[in-house]
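# Inside the fold
Here is how the chains run, residue by residue.
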Amino acid sequence: MTTTSISSAGSATGHRNALLVAHIAAVLFGLTGILGALIKADASVITFGRATFAFIALGFVAGLKGTRLLDALTWRNLPIIGLTGTLLAAHWVTFFIAVKVGGVAVATLGFAAFPAFIALIDLLVFRDRIGATESLLLLMVSAGLVLVVPSFDMVDKGTVGLIWGLVSGLSFALLTVANRRNTSGMNAMQTSFWQNFVVAALVAPFAFSHLANTSLRTDDWVNLAVLGIFCTGLSQFLFVKSLEGLQARTAGMIIALEPVYAIACAWWLFSEQPSLRMAGGAALIVLATIMSAWRKASAH
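These figures come from a predicted structure and were not determined experimentally.

## Considering the nonpolar core
Core analysis: the biggest nonpolar cluster contains 55 residues, and I46, F96 and L227 have the highest contact counts within it. If we ignore the near neighbours within four places in the chain, the residues touching F96 are T32, G36, A43, I46, T47, R50 and L227.

## Let's talk about the pattern of salt bridges
With the rule as written, the count across this model stands at 3 salt bridges. When the shortest N-O distance is used, the salt bridge between D71 and R68 registers 2.9 Å. Looking at D71, the relative accessible area reads 43%, which means it is partly exposed. Salt-bridge contacts for D220 lead to R217; the nearest nitrogen and oxygen are separated by 3.5 Å. The class for D220 is buried, based on a relative accessible area of 0%.

## Some thoughts on the packing of helix α4 (residues 104-111) against helix α11 (residues 258-270)
Running from amino to carboxyl end, α4 crosses α11 at an angle of 170°, the nearest separation of the two axes being 9 Å. Here α4 lies roughly antiparallel to α11, going by the angle between them. Packed against α4, whose contacting residues are V104, A105, T108, L109 and F111, the element α11 presents E258, P259, A262, I263, A266 and F270 at the interface. Of the residues that constitute the contact of α4 with α11, the class distribution is 9 nonpolar, 1 polar and 1 charged.

## Section: helix α2 (residues 43-65)
The terminal C-alpha atoms of α2, which comprises 23 residues, lie 32 Å apart, in line with the 33 Å expected from a rise of 1.5 Å per residue. Two residues or fewer after α2 comes G66, characterised by a positive phi angle close to 75°.

## Details of the packing of helix α3 (residues 77-102) against helix α8 (residues 188-211)
Contact geometry for α3 and α8: axes closest at 8 Å, N-to-C directions at 65°. For the element pair α3 and α8, the recorded crossing hand is right-handed. Contacts between α3 and α8 pair I81, G82, T84, G85, T86, L88, A89, W92 and V93 from the former with W194, Q195, N196, V198, V199, L202 and V203 from the latter.

## Some details on a nonpolar patch on the surface
Taken together, L120, L123, L124, V125 and F126 make up a surface patch of nonpolar side chains, about 420 Å² in accessible area. Residue placement: F126 occurs in the loop between α5 (114-124) and α6 (132-148).

## What about the environment of I285?
With respect to the helices and strands, the residue I285 is situated in helix α12 (residues 276-299). Counting along the chain gives 175 residues from I285 to G110, while the straight-line C-alpha distance between them is 9.0 Å. Apart from the residues within four sequence positions on either side, I285 is in contact with L109, A112, A113, V141, G144, L145 and V148.

## Observations regarding α4
With 8 of 8 residues buried, α4 is to be regarded as a mostly interior element. For α4, the set of buried residues is V104, A105, V106, A107, T108, L109, G110 and F111.

## What about the confidence of the model for the chain?
Residue-level pLDDT values for the chain average 81, and 83% of them are 70 or greater. Contacts of residues 1-6 to residues separated by more than four positions or lying in other chains number 0 contacts, the stretch itself having pLDDT below 50.

## A closer look at the side chain of S235
Here S235 is to be found in helix α9 (residues 218-242). A residue is classified by how much of its surface remains accessible, and S235, at 0% relative accessible area, is buried. A distance of 2.8 Å separates a polar atom in the side chain of S235 from the backbone oxygen of C231. What S235 contacts, discounting residues up to four positions off in sequence, is A25, L28, F29 and F230.

## Thoughts on the packing of aromatic side chains
Tallied over the entire structure, the rule returns 10 aromatic pairs. Here F95 and F96 contribute two aromatic rings whose centre-to-centre distance is 5.7 Å and whose plane-to-plane angle is 65°, an arrangement assigned as edge-to-face. Exposure remark for F95: the relative accessible area of 6% places this residue in the buried category. With a relative accessible area of 0%, F96 lands in the buried category. Seen from their ring centres, F111 and F114 are 5.3 Å apart, and the 25° between their planes marks the pair as stacked. An aromatic cluster of at least three residues, connected via ring pairs, comprises F95, F96, F111, F114 and F172.

## Re the side chain of T108
With respect to the helices and strands, the residue T108 is situated in helix α4. Beyond its immediate chain neighbours, meaning those up to four positions away, T108 contacts F95, P259 and A262.

## Details of the environment of W92
For W92, the location among the structural elements is in helix α3. Each residue touching W92, except ones within four places of it in the same chain, is listed here: T47, R50, A51, N196, V199 and T232.

## Some points on the environment of F206
The topology assignment puts F206 in helix α8. Classification of F206 by relative accessible area gives exposed; the value is 54%. Along the chain, F206 and F48 lie 158 residues apart, while their C-alpha atoms are 9.0 Å from each other.

Definitions and cut-offs
Here the residue numbers are simple positions, counted from 1 along each chain's written sequence. Reporting in this predicted model follows two pLDDT cut-offs: at least 70 for local features of residues, and 80 or more for side-chain atom pairs to be given and counted; totals over whole chains, interfaces and linings ignore these cut-offs and use all residues. Only hydrogens and water are removed before side-chain values are computed, so all heavy atoms of the structure are retained for them. Think of a nonpolar core as a cluster: buried Ala, Val, Leu, Ile, Met, Phe, Trp, Tyr and Cys residues, connected wherever their side-chain atoms sit within 4.5 Å. Exposed residues in this analysis have more than 50% of their type's maximum accessible area, buried residues have under 20%, and partly exposed residues fall in between, with area computed by a 1.4 Å probe over protein chains only. By definition in these notes, contact holds between two residues if any of their heavy atoms fall within 4.5 Å. The salt bridge criterion pairs a side-chain nitrogen of Lys or Arg with a carboxyl oxygen of Asp or Glu, the two atoms within 4 Å. Interaxial angles span 0 to 180 degrees and are taken between N-to-C directions of axes, which are lines fitted to C-alpha atoms, for helices over the stretch in contact. In this text, helices come from DSSP runs of H or I with a minimum length of four residues, and strands from runs of E with a minimum of two, each type numbered from the N-terminal end. An angle counts as roughly parallel when it lies under 35 degrees, as roughly antiparallel when it exceeds 145, as roughly perpendicular when it falls between 65 and 115, and as oblique in every other case. By the convention adopted, Pro, Cys, Tyr, Trp, Phe, Met, Ile, Leu, Val and Ala count as nonpolar, Lys, Arg, Asp and Glu as charged, and the other residues, Gly among them, as polar. The span you would expect from a helix comes to 1.5 Å times its residue count less one. Take the far helix as your reference; a near helix turned counterclockwise from it by less than a right angle gives a left-handed crossing, and one turned clockwise gives a right-handed crossing. For patches, a residue must show more than 30% relative accessible area and have no salt bridge; joins then use 9 Å for like charges and 5 Å for nonpolar side chains, namely Val, Leu, Ile, Met, Phe, Trp and Tyr. Values of accessible area rely on a 1.4 Å probe in the Shrake-Rupley scheme; residue burial ignores everything except the protein chains shown. A residue's pLDDT is the predictor's confidence in that residue, given on a scale from 0 to 100. Think of a polar contact as two N or O atoms within 3.5 Å of one another; within protein, one of them needs to be a possible hydrogen donor and the other a possible acceptor, and neighboring residues in sequence only count if both atoms come from side chains. The pairing test for Phe, Tyr and Trp rings, Trp by its six-membered ring, is centres within 6.5 Å, and the orientation test on the planes gives stacked under 30 degrees, edge-to-face over 60, and tilted for anything in between.

Below, the structure written as C-alpha cells:
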C-alpha cells in the first residue's frame, strides 16, 4: 500500500513537472517575437544572430554528448540540409519582418496559421484527401484571419505585417512537410545544427551589409544570445523533455498556446492591447492550432 502510494505520488509529480516544462517551452517559443521587437536591428541581422548562437550552442551540446555532426554531411543529405535550411531562413526572416512592421500579436497570429497551410500543401501537392477536421480547421483559420486583419488596406501596417506573418507560416509549413517526409536518417541534433548553420550562411551577406549601418547595443547582443540559445536550442530541448512525462497530444496542445503567451507578453511590455475583434480571431486561430495538434498526436 505504501509502495503504491509512493509510486502514484512520484508519477503525479513527474506529470506536473512535465506540464511545467512544456509551458516553459511554450513561453520561450512565444518570447521569440518579443525579443525580435526589442532588438534594434534588421530582420536579417536578427536571423543571423539567432542562427549563429543556436548552432554554436548545439555544437557545444553535441560535443558533450559525443554526437558526430559531420556524419550527417553525405551526398544524400546535403540537398535535404540545403532545402530545409533555406526554408527555415525564409521562415525566420519573414517572421521578424512581420514583427517589425505589424507588431508581435499580428505576426504571431499570421504564423499560427501554418497548420492550415500544411493541410493545403497535402491536398494540392500530395493529393491527400481532406477530411472534415481539416476542412473545419481551414474554415476556422480563414475566419480568424479575417477578424485579425485591421483593415483590407495595403497601406495599413497591421495588414502588411499579417501578410508577412502568413508568408512566415507558409514557409514553416513547407519546412514541416519537408522534415516529415525526410528519411535521411539524421538525428535531431544533427538536423538542427546544420539547418541553423545553413541559415547563418545564407543571411550572412545581408546581415553584414546592414551591420555596417547598425550600431548594436549591449542589450541587443544579450537578446540575440537569449533568442538563439534559449528560445531556439533550450525550448526545443524542453519540448522533447516534456514528452517523457506527457502524451504527445497534451504537449502539442500546450505548445499551441504560444500565440497566447506572445500576445500577453506584447500587451504587458508594449501595450499592444488586442481589440475584441482581434481577440475573437486569435481565439479561432489558436483553437484550430490546438485541434491540429490533437489530431496529429492521435494519428501517431
